[in-house]
Amino acid sequence: MLRFDVISIFGEMFSAITAQGISAKALDKGLYELAVWNPRDFTHDRHRTIDDRPYGGGPGMLMMYEPLRDTFKAINQQQPEQPNHTIYLSPQGQPLTQQRVAELATLPRITLLCGRYEGVDERVIENFVDEEIAIGDFVVSGGELPAMMLMDAVIRLQPGALGHQDSARQDSFSDGLLDCPHYTRPEVVDGKAVPPVLMSGNHAHIAKWRYEQQRQRTQARRPDLLNN
Ligand SMILES: Nc1nonc1C(=O)N1CCN(Cc2ccccn2)CC1
């Protein structure tokens, strides 16, 4: 079973994936397990300090090294026989792709470091992080939502996570093309009709039309994807 260890000072946020939807059902089915670790539990001062000002000056605060080091040590004492892969979510990371998600989905264990403030002491990354990943070229308030997006994408690929219907659809994405248009009842609404081919019952024609739509959309909206 896939195990996630998450380091975050806002662990309650992760109910967003454990309480509802495919990721909640997958948890209930035992397709993955999740442990959230708060670095504040690895501090020794009265104020449970985990951040401090940056050397050299500059705005904001950084997450300090020692509470994170001690959190990693506690995590790695769990199931030491299981190889662990530690990912730091940050704008400085490699952009996440479905191909990378598929590779991550084969790992038995993933640790996710969720930064807050202006990031973490660089020595944490040097000593404990295997891979930095960005979910996009924009900045959010912390690593928790990026971590949940990565986890959701990985969980969906666990065998048994998607019903047959969805998993078939999942395959249509794995060909690296954008999705085709989709329609449902009514057949005509506000003067707009469903493309006749979809009403034809001719499955070969429908499959051909859908693939052609995927290629046209990808060419028009994301030609960069066609070079892969
Ligand atoms: N884009 C993203 N893809 O993954 N994470 C993000 C993202 O925006 N964030 C917000 C800032 N956090 C803290 C931080 C600040 C500066 C340098 C490093 N870390 C990390 C997570």
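Residues numbered from 1 in each chain as written. Predicted model: local features only at pLDDT ≥ 70, side-chain atom pairs only at ≥ 80, totals over all residues. Heavy atoms only, no water.

- Labelled according to an unreviewed UniProt entry, the protein chain appears under the name tRNA (guanine-N(1)-)-methyltransferase, originating from Thiomicrospira aerophila AL3.
- UniProt, in its Subunit (unreviewed entry) section for the protein chain, records the words "Homodimer." (UniProt positions renumbered as here; feature names shortened; annotations may be inferred.)

### Focus on the overall build of the protein chain
In step 1: From N to C terminus, the protein chain includes 8 helices and 9 strands.
In step 2: For 228 residues, the compact-globule estimate of 2.2 N^0.38 gives 17 Å, and the protein chain exceeds it by more than 25% at 22 Å.
In step 3: With respect to the three principal axes, the spread of C-alpha positions in the protein chain is 70 × 40 × 35 Å.
In step 4: The long-range fraction of contacts in the protein chain, counting pairs at least 24 apart against all pairs at least 6 apart in sequence, stands at 75%. (Helix = DSSP H or I, 4+ residues; strand = E, 2+ residues; numbered from the N terminus. Rg over C-alpha atoms; globule rule 2.2 N^0.38 Å. Contact = heavy atoms within 4.5 Å.)

### Structural notes on the site of the ligand
In step 1: The immediate surroundings of the ligand are formed by 19 residues, with Tyr88, Glu118, Ile135, Phe138 and Val140 found nearest.
In step 2: Take Ser90: an N or O atom from its main chain is 3.3 Å from an oxygen atom of the ligand.
In step 3: Measuring from an oxygen atom of the ligand, one finds a backbone N or O atom of Val140 at 2.9 Å.
In step 4: Summarising the interface, the protein chains cover 91% of the accessible area of the ligand, which totals 460 Å² for the free molecule.
In step 5: Looking at the shell around the ligand, the elements that each hand over two or more residues are strand E5 (85–95) and strand E7 (131–134).
In step 6: Examining the composition of the shell around the ligand, we find that 5 residues originate from one element, E5, more than from any other.
In step 7: Taken together, the residues of the shell around the ligand break down into 11 nonpolar, 7 polar and 1 charged. (Near = heavy atom within 4 Å. Polar contact = N/O pair within 3.5 Å; in protein donor to acceptor, adjacent residues only side chain to side chain. Areas by Shrake-Rupley, 256 points an atom, 1.4 Å probe, with all protein chains shown as cover. Nonpolar A, V, L, I, M, F, W, Y, C, P; charged D, E, K, R; others polar.)

### What about the environment of Leu150?
In step 1: Tracing the backbone shows Leu150 in helix H6 (residues 144–156).
In step 2: Sequence separation of Leu150 and Arg100 is 50 residues, and the distance between their C-alpha atoms is 10.0 Å.
In step 3: In contact with Leu150, not counting residues within four places along its chain, are Ile87, Leu89, Leu96, Leu104, Leu112 and Ile133.

### Structural notes on the sheet that holds strand E6 (residues 109–114)
In step 1: Taken in spatial order, the 5 strands line up as E2-E1-E6-E5-E7 in an open sheet, and their pairing is parallel. For this open sheet the edge positions go to strand E2 (32–37) and E7, each flanked by a neighbour on one side alone. Between one strand axis and the next, the sheet turns by 30° as a mean value, whatever way the strands run.
In step 2: With 6 bridges connecting them, strand E1 (residues 2–7) and E2 associate as parallel partners. Its bridge partner lying in E2, Leu2 is registered against Tyr32. (Pairing = 2+ DSSP bridges. Axes fitted to C-alpha atoms, helices over the stretch in contact; angles between N-to-C directions.)

### Looking at unusual backbone geometry
A negative phi angle characterises most non-glycine residues, just as the trans form characterises most peptide bonds.
In step 1: Of note, the amide linkage connecting Arg185 to Pro186 takes the cis form, showing an omega dihedral of 5°.
In step 2: Within the secondary structure, Pro186 is located in the loop between helix H7 (164–174) and strand E8 (188–189).
In step 3: For Gln79, which is not glycine, the phi dihedral falls at a positive 45°.
In step 4: Inspection of the secondary structure puts Gln79 in the loop between helix H3 (65–76) and E5.
In step 5: Positive phi is not limited to glycine here, since Asp190 has a value of about 50°.
In step 6: Mapped onto the elements, Asp190 comes out in the loop between E8 and strand E9 (192–193).

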